[in-house]
Amino acid sequence: MNELPQQLVNGLLLGSMYGLVAIGYTMVYGIVQLINFAHGEIFMTGAFGALTVWLWLPGGTTMWLALPLMIVGAIIVAVTIAVGAERFAYRPLRNAPRLAPLITAIGLSLALQQAVWAWYPDAKSARTFPEIPGGPFELGDVTIQTGDIFLLCAAPISMAFLAYFVMKTRTGRGMQATAQDPDTAKLMGVNTDRIIVLAFALGAAFAAVGAVAYGLKYGQIDFRMGFILGLKAFTAAVLGGIGNIYGAMIGGIVLGVAETLATAYIADIPGMDKFGSQSWADVWAFVLLILVLLFRPQGLLGERVADRA
């Protein structure tokens, strides 16, 4: 029990990262009802975009100066790929059967993995990501690494910005209208194509911030990092209620805490020692998803997707 505060903080950090990526899934699905399975790889390209900026900077550049530039580089790369995917891969299939864009998303996911693997030097192995100097910091029984502080700041700031944008701006209200009824929104003067592109761009930007947080937290990145994390972020979006941007973050935190506690404490149960290993962390995440879908299919906060049948 002495480790419980530390495990809860670890789960909160992990869940915040899941939530940042899950926002992209839930925004796109809420507006165009598309499960963008390439979103995990967009997250991955954001991480490599940040690393590329770091490698291009002159030697001796401090991390405090490099970090804002790395965030901008990650966002530019991720947003460019997401907007390009929407324009050239998904928009031509907007009126096609739903299976067509789903298969396209899976194909795009594999293509992005192979593109980074082929283009980036030494991408076959994990690449070292720069670290923020200083730390760790002790707060009672809780230890916080320097890289975790970035995530603790970035997640609430990102959610506050998104909440303000969606609720208080004209474009945000246009996004809500398009999510509820795109045809009526178009008749009311809303440029739905622009709104859809913006949903992809915003989701990619949050994923890029999450990618920088991932690199700072774990100290390395690789071209396969987006697959499992993308699946978990999609799981977080479903847990919170697909189409609900606040639910995406709540679902991510619930998933992160559940995964951390399961990994830490299940091994203490007699006969369950092998099920508490880190290799089982992914399994417990999806066990939680199955339980939520069985007892509350609409998610923890409920879906916010209009019926367009």
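The residue count restarts for each chain, going from 1 along the sequence in the order it is written. In view of the model being predicted, local features appear only for residues whose pLDDT reaches at least 70, and side-chain atom pairs are presented and counted only at 80 or more, with totals across whole chains, interfaces and linings using the full set of residues. Each side-chain value is worked out from all heavy atoms of the structure, with water and hydrogens disregarded.

Colleague: Help me understand the overall build of the protein, please; the structure alone is not making it clear to me.
Modeller: Within the protein, the regular secondary structure consists of eleven helices and four strands. Here the radius of gyration uses the C-alpha set of atoms, whereas the globule reference equals 2.2 Å times the residue count to the power 0.38. Rg of the C-alpha trace for the protein: 19 Å, near the compact-globule value of 19 Å for 309 residues, within the 12% margin. Projecting the C-alpha coordinates of the protein onto the three principal axes gives extents of approximately 60 × 55 × 35 Å. Partly exposed residues are those whose accessible area sits between 20% and 50% of the maximum for their type, while under 20% is buried and over 50% is exposed, using a 1.4 Å probe and protein chains only. In the protein, which comprises 309 residues, the share counted as buried stands at 51%. By the convention used here, residues are in contact when the closest approach between their heavy atoms is within 4.5 Å. When contacts within the protein are restricted to residue pairs at least 6 apart in sequence, long-range pairs at least 24 apart make up 76% of them. Of the accessible surface of the protein, which amounts to about 14800 Å², a share of 65% is contributed by carbon and sulfur atoms. In this tally, Lys and Arg are treated as positive and Asp and Glu as negative; His is ignored, and so are the chain termini. A charged residue contributes its charge at one atom only: NZ of Lys, CZ of Arg, CG of Asp or CD of Glu. Charge separation in the protein, taken as the distance between the mean sites of 18 positive and 18 negative side-chain charges, equals 13 Å. The way it works is that DSSP assigns letters per residue, a run of H or I at least four long becomes a helix, a run of E at least two long becomes a strand, and they are numbered from the N terminus. Note on areas: Shrake-Rupley, 1.4 Å probe, and residue coverage restricted to the protein chains presented here.

Colleague: I keep staring at helix α2 (residues 39-56) and nothing clicks. Help me out?
Modeller: Along an α-helix, residues three or four apart share an orientation, since each turn contains 3.6 residues. To estimate how far a helix should extend, the number of its residues minus one is multiplied by 1.5 Å. The end-to-end C-alpha distance of α2, which contains 18 residues, comes to 26 Å, matching closely the 26 Å that a straight helix rising 1.5 Å per residue would cover. Extensive coverage of α2 is indicated by the burial of 15 of its 18 residues.

Colleague: Can you help me understand the packing of aromatic side chains in this one?
Modeller: Aromatic ring pairs are reported here in terms of the distance separating the ring centres and the angle at which the planes meet. For Phe, Tyr and Trp, rings pair up if their centres lie within 6.5 Å, where Trp contributes its six-membered ring, and each pair is then called stacked (planes under 30 degrees apart), edge-to-face (over 60) or tilted (otherwise). Taken as a whole, this structure holds six aromatic pairs when the rule is applied. Pairing Phe 161 with Phe 165 gives two aromatic rings, centres 6.1 Å apart and planes at 25°, and the pair type is stacked. One end of the pair, Phe 161, and the other, Phe 165, are both in helix α5 (residues 146-168), four residues apart, so they sit about a helical turn from each other. We classify Phe 165 as buried; its relative accessible area is 15%. By the ring-pair criterion, three or more aromatic residues cluster together here, those being Tyr 25, Phe 37 and Phe 234. In this structure, Lys 217 packs its charged tip against the face of Tyr 218, placed 5.7 Å from the ring centre. By definition, being over a ring means that NZ of Lys or CZ of Arg is both within 6 Å of the ring centre and within 35 degrees of the ring normal.

Colleague: Hey, could you run me through the environment of Ala 154 in this one?
Modeller: Summarising the element assignment, Ala 154 is placed in helix α5. With 15 residues separating them in the primary sequence, Ala 154 and Leu 139 have C-alpha atoms 20 Å apart.

Colleague: Would you mind showing me how to read the environment of Leu 13 here?
Modeller: Here Leu 13 is to be found in helix α1 (residues 4-32). With sequence-adjacent residues up to four places away left out, Leu 13 is seen in contact with Asp 148, Leu 151, Leu 152 and Lys 217.

Colleague: Got a minute to help me understand the pattern of salt bridges in this structure?
Modeller: Oppositely charged side chains can pair when the atoms bearing their charge come close. The rule for a salt bridge is simple: a side-chain nitrogen of Lys or Arg has to be within 4 Å of a carboxyl oxygen of Asp or Glu. One pass over the structure, following the stated rule, counts six salt bridges. For Arg 94, the salt bridge goes to Asp 193, with nearest N and O atoms at 2.5 Å. Of this pair, Arg 94 sits in the loop between α3 (63-90) and α4 (99-119) while Asp 193 sits in helix α8 (residues 192-218), and the two are 99 residues apart along the sequence. Note on Arg 94: relative accessible area 33%, which makes it partly exposed. With relative accessibility at 32%, the residue Asp 193 sits in the partly exposed group. Note that Asp 148 is salt-bridged to Lys 217, the shortest N-O span being 3.3 Å.

Colleague: Even after reading the chapter, I still don't get a nonpolar patch on the surface, so can you show me in this structure?
Modeller: Taken together, the side chains of Val 283, Val 287, Ile 290, Leu 291, Leu 294 and Phe 295 present a nonpolar region at the surface, about 580 Å² in accessible area. Tracing the backbone shows Leu 294 in helix α11 (residues 281-295). Judged by relative accessible area, Leu 294 falls into the exposed class, the value being 59%. Surface patches are defined over residues having more than 30% relative accessible area and no salt bridge, joining like charges when they lie within 9 Å and nonpolar side chains (Val, Leu, Ile, Met, Phe, Trp, Tyr) when within 5 Å.

Colleague: What should I look at first to understand the side chain of Thr 263 in this one?
Modeller: With respect to the element layout, Thr 263 can be found in helix α10 (residues 245-265). A polar contact is formed between the side chain of Thr 263 and the backbone oxygen of Glu 259, at a distance of 2.8 Å. As used in this structure description, the phrase polar contact means that two N or O atoms lie within 3.5 Å; if the pair is within protein, one of them must be able to donate a hydrogen and the other to accept it, and residues adjacent in sequence are counted only when both atoms belong to side chains.

Colleague: Can you walk me through unusual backbone geometry in this structure?
Modeller: Generally, phi is negative for residues other than glycine and the peptide bonds are trans, each holding for most cases. Phi is positive for Gln 33, which is not a glycine, with a value near 55°. Along the polypeptide, Gln 33 turns up in the loop between α1 and α2.

Colleague: Where do I start with the environment of Asp 282 in this structure?
Modeller: Counting through the fold element by element, Asp 282 comes out in helix α11. Between the C-alpha atom of Asp 282 and that of Phe 43, which follows or precedes it by 239 residues, the distance is 18 Å. Sequence-distant contacts of Asp 282, that is, excluding residues within four places in its chain, are made with Ile 228 and Lys 232.

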